[in-house]
Amino acid sequence: MLPERGGDRSPATHAHGAWYNRTPMTRLSRREFAALTAAAAAAPFAFGPDASAAAALTAKELLDRITAQIGVAWKAETVDGLKAGDPSTAVTGIVTTAMASLGVLKRAVEAGANVVVTSQPTFYAKADTRTPPAPRGPGGGPPGAAPAAPPPPPAAAPPDAVYTAKNAFIDQHKLVVIRLNEHWKLRDPDPQAVGLAQAMGWTKHQVAGNAKRYDVPALTVDALVAALRKNLGVAGGIRVVGDPKTSLRRIGLLPGSTPIQASLELMPEVDAIVAGEVREWESVEYARDQVAAGNRKALILVGRISSEDPGMRVCADWLKTVAPGVPVRHIGVGDPYWRPA
Amino acid sequence: MKAGEIIDRIKKQLGVPWRDATYRDTFKSGGPDSEVTGIATTAFVSLDVIRTATAAGLNMIIPHEDTFWNDRDDQAVVAQDAVYKQKLELLNKHNVVVFRIHDHMHAQRPDFTYVGSARAIGLDPKHEDPPGSHRFVIPETTLAALAADVKHRSGARALRVVGDPRAKVSRIRLGVGYASPPINAADIDVLISGEQQESDGTFDSQPYALDAAEAGVAKGIILLGHTISEEAGMLEMAQWIKGFVPEVPVQLIKAEEPLWGPASR
């Protein structure tokens, strides 16, 4: 049986439409994009929908404005910056996303954008280079296994078909990809937490002064899972520690990828943590022991990428102020995961 | 029987030299002089595992993974936590000895984690090609059918898959725990492993498999979860210890999968 990934998505976070289940509804036409951006252009302090203003801005200038206006000191050593494309490219439109997947790039082009601002790497590694990393043994990160000796690479390794396809698409459509992650999440309040709360409709329930904490009307773990599915468009990627019937009111948010220290700090003061990615030998086991100790708590993991997409929607709103007159919108990656019945 | 004697026999039987530099394979509770009534092997020393083992009269626990929610079992990290204090109390109340065996389990041949994982998901050793490579070549199937079979056999409720369900696959690379080779290796279609960082690592296999599906390249990753991936081999570990520690009972007490997940639809 093939898993179904299409249903249950809010139009707001409409996703990637699985390649085998894409409907026209999950795509935004050029006209719709224009309509959306016209609304943005009509916002106070924005320039009018002046095409020449947009045409005048290059990708390099956009990155310079981001660097200057991000609100935190730009690091000398950073994963952020230009990852693909010609910096002199005139910006026709900007798409923000949690990850510049090939699917997101295609939908960006369909929407008339040629610059993609991504939270996570484009080329499948922190190094984020357009060619595959040199073959190596399995990563030895704790608590992994001792690496087995990798088989010797074939004398003439064939080119990597996925890198080739992605590079060809980027080149063909003259796309520019900019990564914006470590500086974006340093902003205060944490835009990833703010975005996640907005997507869940919890903004009005925020505990004063803490973008990570929300006291919501009581709901069960099951109901929270259903709400996450609906509002984040995530299904197969959801994993839970805790009893489905446990009633929750105090929610803590840990978008992205977080270490045990974050859970130790947050869990005692909440009924549930909604997180992106944690290490299973850390926070998952901690949550398991919390429940076994008799505390009525839960840990809900939605995946790193799915947890960061709402924050990139917030980034789209911010970029409209950085590049007034340029069409900007967010396109979600969609849940990368599925689960057989 | 003293815990120290059991550890001495493990070191002697291992077949590879003991590396004293390990921070993982050490006592986490009790010590060499602790009196042992019986041994439980497990993936994690959870509160429930401590309760079940001690109720069964087994006061020595040999886990593959950490006890105090961090790889180094640095108790300073968790010292202020109320559940940590409960765990410590429970360990002390029952004079529980905990000795982790991780690095040396992976150094041993065969590595029981691979043996157990292959058994749990139905990978036949006769399909391993080349032998000892953790690469299995099976009759061609689809990623959807393979994932459904693996889920059924392993019982993993929170198993996750990335890739085109219709992709035709036959070459499987098994990884265990948090150690997975990159999915883009030319000689594999599917990676089956425990846990894998989603992105921003040395190689991001899930994002790669997502794009492979979009590009029509047959690649998939099946993530079992850390416990499902490595706990099966703790049965082999229990049987192995039983062979040279006949004085006390030895058995597997499963921590079991901590996670559950809703179906995709």
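Being a predicted model, the structure only gives us computed values, none of them experimental. (Residues numbered from 1 in each chain as written. Chains lettered and ligands numbered in written order. Predicted model: local features only at pLDDT ≥ 70, side-chain atom pairs only at ≥ 80, totals over all residues. Heavy atoms only, no water.)

Chemist: Go over the overall build of chain A, please, and point to the residues and values.
Modeler: Broken down by element type, chain A carries 10 helices and 10 strands. Buried residues in chain A amount to 57% of all 341 residues. Taking contacts inside chain A between residues at least 6 apart in sequence as the whole, the part at least 24 apart equals 71%. With an accessible surface of roughly 13400 Å², chain A has 59% of that area assigned to carbon and sulfur atoms. (Helix = DSSP H or I, 4+ residues; strand = E, 2+ residues; numbered from the N terminus. Buried < 20%, exposed > 50% of the residue type's maximum accessible area, 1.4 Å probe, protein only. Contact = heavy atoms within 4.5 Å. Areas by Shrake-Rupley, 256 points an atom, 1.4 Å probe, with all protein chains shown as cover.)

Chemist: Describe in detail the sheet that holds strand β2 (residues 94–99) of chain A, supporting the description with residues and values.
Modeler: Residues and elements named next belong to chain A. Strands sit in the order β1-β4-β3-β2-β10 across an open sheet of 5 strands; the sheet is mixed. In this open sheet, the two strands that pair with only one neighbour each are β1 (81–84) and β10 (328–330). Adjacent strand axes in the sheet meet at a mean angle of 30 degrees when their direction is disregarded. Strand direction decides the pairing type here: β1 and strand β4 (residues 176–179), joined by 3 bridges, are antiparallel. If you follow Gly 81 over to β4, its bridge partner there is Arg 179. (Pairing = 2+ DSSP bridges. Axes fitted to C-alpha atoms, helices over the stretch in contact; angles between N-to-C directions.)

Chemist: Quick rundown of the packing of aromatic side chains? Include the residues and the values.
Modeler: Residue and element names in this part refer to chain B. Summed over all chains, the structure comprises 13 aromatic pairs over all chains. A centroid spacing of 6.2 Å and a plane angle of 40 degrees characterise the contact between Trp 18 and Phe 99, whose relative ring orientation is tilted. Separated by 81 residues along the polypeptide, Trp 18 in the loop between α1 (3–13) and β1 (27–29) and Phe 99 in strand β4 (residues 97–99) bring together distant segments of the chain. Note on accessibility: Trp 18 and Phe 99 belong to one class, buried. Taken together, a centroid distance of 5.6 Å and an interplanar angle of 55 degrees make the contact between Phe 203 and Tyr 208 tilted. (Phe/Tyr/Trp six-rings, centres within 6.5 Å; stacked < 30°, edge-to-face > 60°.)

Chemist: So what about the pattern of salt bridges? Which residues, and what values?
Modeler: One pass over the full model with this rule turns up 35 salt bridges over all chains. In this structure, the salt-bridge partner of Lys 60 of chain A is Asp 64 of chain A, at a minimum N-O distance of 2.8 Å. One end of the pair, Lys 60 of chain A, and the other, Asp 64 of chain A, are both in helix α3 (residues 59–69), 4 residues apart, so they sit about a helical turn from each other. Among the residues examined, Asp 64 of chain A registers a relative accessible area of 39% and is labelled partly exposed. With a closest N to O distance of 3.1 Å, Asp 215 of chain A and Arg 213 of chain A form a salt bridge. Taking the relative accessible area as the measure of exposure, Asp 215 of chain A reaches 28% and is therefore partly exposed. Via salt bridges that share partners, Arg 19, Arg 24, Glu 65, Asp 71, Arg 100 and Asp 103 of chain B belong to a single interconnected network. (Salt bridge = Lys/Arg side-chain N within 4 Å of Asp/Glu carboxyl O.)

Chemist: How would you summarise helix α4 (residues 102–110) of chain A if you had to cite specific residues and measurements?
Modeler: All names here are of chain A. Burial within α4 is extensive, with 7 of its 9 residues counted as buried. Those residues of α4 that fall on the buried side of the exposure criterion are Leu 102, Gly 103, Val 104, Leu 105, Arg 107, Ala 108 and Val 109. Gly 112 sits one or two residues past α4 and shows a positive phi near 90 degrees.

Chemist: Before we move on, can you summarise the sheet that holds β1 of chain B with the specific residues and values?
Modeler: Residue and element names in this part refer to chain B. With respect to topology, 5 strands assemble into an open sheet ordered β1-β4-β3-β2-β10, the strand pairing being mixed. Pairing within the sheet leaves two strands with one partner each, and these edge strands are β1 and β10 (250–252). Adjacent strand axes in the sheet meet at a mean angle of 25 degrees when their direction is disregarded. Across 4 bridges, the pairing between strand β2 (residues 39–42) and strand β3 (residues 60–63) is parallel. Directly across from Thr 41, in β3, lies its bridge partner Ile 62. Running at roughly 175 degrees to β10, helix α10 (residues 233–244) makes contact with β2, β3 and β10 of the sheet.

Chemist: Break down the interface of chain A and chain B for me, citing the residues and quoting the values.
Modeler: The partner chain B presents 83 residues to the 81 residues of chain A that form the contact. Of the roughly 7100 Å² buried between chain A and chain B, counting both surfaces, carbon and sulfur atoms make up 59%. Remark: the boundary between chain A and chain B carries 5 salt bridges. For Asp 289 of chain A, the salt bridge identified is with Lys 87 of chain B, shortest N-O distance 2.6 Å. If you list the elements that add at least two residues to the side of chain A that touches chain B, you get α4, α5 (161–172), α7 (221–232), β6 (239–241), α8 (260–266), β8 (272–278), α9 (280–292) and α10 (304–322) of chain A. Tallying contributions element by element places α9 of chain A first for the side of chain A that touches chain B, with 10 residues. (Buried area = accessible area lost by both parts, 1.4 Å probe.)

Chemist: Tell me about the nonpolar core, residues and numbers included.
Modeler: With 43 residues, the main nonpolar core has Ile 273 and Leu 299 of chain A together with Ile 61 and Trp 69 of chain B as its most contacted residues. At the level of elements, α8, β8, α9 and β9 (298–301) of chain A together with α2 (47–55) and α4 (82–93) of chain B are the ones that each hand at least two residues to this core. Broken down by element, this core gets its largest block of residues, 5 residues, from α9 of chain A. Contact partners of Leu 299 of chain A, with chain neighbours within four places excluded, come to Arg 239, Val 240, Val 241, Met 267, Ile 273, Ala 275, Val 278, Ser 283, Val 284 and Ala 287 of chain A. Membership of the second largest hydrophobic core comes to 34 residues, among which are Ala 100, Val 109 and Ile 331 of chain A together with Leu 223 of chain B. (Core = buried A, V, L, I, M, F, W, Y, C linked by side-chain atoms within 4.5 Å.)

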